[in-house]
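Summary of the model geometry
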Amino acid sequence: PVVTPKIEVEPVVKEPVEIIKTLPASDSAKLVESIISSYKIPNLNAQELANIIVSESERYNIDPLLTTALIYTESTFNRYAQSKSGKVGLMQIYPDDAKEITKKLKLSYLGKVTLFHPLYNIKLGLYKLNDLRLKSSGNIEKAVEKYLATSTAEKTDDDLSSKEYLNKIVEIYNGYQRMRVESP
């Protein structure tokens, strides 16, 4: 069995309500409910995961619903997901990329096992997404496409699988947006 490392990080939230209230109450409740019902994650873990998604998304001014759609597409909320190409965790990050990003963020890196920790994985994934957005003149859609197509060596824009994944993420994100609009 995989053992989650004990990684010392700043507390995600002192009071969960403080972070979650950045989304309208109905949105945060729907985010948690979606995670719980769709992915069979216990309620407490879904709340913690939602808190991490919201707080880390806010750090980079990225819509938490987009982050949720990206995590769903990359790993279906399986923190232990590993792709054939070597990507790991919720946001499917290459260990070499993680090692580089942790240096930039001045975080400890304990190897691949670090990427199984939801806070670290989301923190590193959103740092990378934001960096790609900055390199894409602020275009978040282009940044997501590049996120899906990158490794330690960038792939070309004609990577068909990344475009298919982008379409899936946009479809899921639009569904979350519709839930937001339909809220009473």
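Quick notes on the rules
Residues numbered from 1 in each chain as written. Predicted model: local features only at pLDDT ≥ 70, side-chain atom pairs only at ≥ 80, totals over all residues. Heavy atoms only, no water. Axes fitted to C-alpha atoms, helices over the stretch in contact; angles between N-to-C directions. Helix = DSSP H or I, 4+ residues; strand = E, 2+ residues; numbered from the N terminus. Parallel < 35°, antiparallel > 145°, perpendicular 65-115°, else oblique. Left-handed = near helix turned anticlockwise from the far one by under 90°. Contact = heavy atoms within 4.5 Å. Nonpolar A, V, L, I, M, F, W, Y, C, P; charged D, E, K, R; others polar. Buried < 20%, exposed > 50% of the residue type's maximum accessible area, 1.4 Å probe, protein only. Polar contact = N/O pair within 3.5 Å; in protein donor to acceptor, adjacent residues only side chain to side chain. Expected span 1.5 Å × (residues − 1). pLDDT = per-residue confidence, 0-100. Salt bridge = Lys/Arg side-chain N within 4 Å of Asp/Glu carboxyl O. Phe/Tyr/Trp six-rings, centres within 6.5 Å; stacked < 30°, edge-to-face > 60°.

Turning to the packing of helix 4 (residues 64–75) against helix 7 (residues 140–149), a few remarks are in order. Two elements in contact, helix 4 and helix 7, have axes whose closest approach is 13 Å; the angle formed by their N-to-C orientations is 25°. With respect to each other, helix 4 and helix 7 are oriented roughly parallel. Helix 7 is crossed by helix 4, and the crossing has right-handed handedness. Note on element contacts: helix 7 touches helix 4 through Ile140, Val144, Tyr147 and Leu148, opposite Leu66, Leu70 and Glu74. Among the residues making up the contact of helix 4 with helix 7, the classes are represented as six nonpolar, no polar and one charged.

Attention now moves to helix 7. Residues lying three or four places apart along an α-helix face the same way, a consequence of the helix completing one turn every 3.6 residues. Buried residues of helix 7: Ala143, Val144, Glu145, Tyr147, Leu148 and Ala149, and no others. Capping the start of helix 7, Asn139 holds a side-chain oxygen 3.0 Å from the backbone nitrogen of Glu141, two or three residues further along.

Let's shift gears to helix 4. Across its 12 residues, helix 4 extends 16 Å between first and last C-alpha, which sits within 8% of the 16 Å expected from 1.5 Å per residue. In terms of residue burial, helix 4 counts as a mostly covered element, since 11 of its 12 residues are buried. In this structure Asp63 caps helix 4, since a side-chain oxygen of it lies 2.8 Å from the backbone nitrogen of Leu65. Residue Thr76 follows helix 4 closely and has a positive phi angle near 45°.

For the chain, per-residue confidence averages 76 on the pLDDT scale, and residues scoring 70 or more make up 66% of the total. Contacts from residues 151–160, a stretch scored under 50 in pLDDT, to residues over four places away or in other chains number 14 contacts.

It is worth spelling out the pattern of salt bridges at this point. A side chain of one charge can pair with a side chain of the opposite charge if their charged atoms are brought near each other. Per the counting criterion, the structure on display carries six salt bridges. The salt bridge involving Glu145 is made with Lys142; its shortest N-O contact spans 4.0 Å. With Glu145 and Lys142 both in helix 7 and three residues apart, the pair spans about one turn of that helix.

We now examine the environment of Ile172. Tracing the chain through its elements places Ile172 in helix 8 (residues 160–182). Sequence separation of Ile172 and Leu65 is 107 residues, and the distance between their C-alpha atoms is 9.0 Å. If sequence neighbours within four positions are ignored, Ile172 has contacts with Ala69, Tyr72 and Thr73.

At a minimum axis distance of 8 Å, the contact between helix 6 (residues 118–135) and helix 7 shows a crossing angle of 125°. The angle between the axes of helix 6 and helix 7 places the two elements in the oblique class. Seen from above, helix 6 lies across helix 7 with right-handed handedness. From helix 6, Gly125, Lys128, Leu129, Leu132, Arg133 and Lys135 reach across to helix 7, where they touch Ile140, Ala143, Val144, Lys146 and Tyr147. Taken together, the residues of the contact of helix 6 with helix 7 break down into six nonpolar, one polar and four charged.

Below, the discussion takes up the packing of aromatic side chains. One pass over the structure, following the stated rule, counts two aromatic pairs. Between Tyr60 and Tyr127, the aromatic rings sit 6.3 Å apart at their centres with planes inclined by 80°, giving edge-to-face as the arrangement. Of this pair, Tyr60 sits in the loop between helix 3 (43–59) and helix 4 while Tyr127 sits in helix 6, and the two are 67 residues apart along the sequence. The same class applies to Tyr60 and to Tyr127, which are both buried. Between Tyr80 and Phe116, the ring centres sit 5.4 Å apart and the planes meet at 50°, which makes this aromatic pair tilted.

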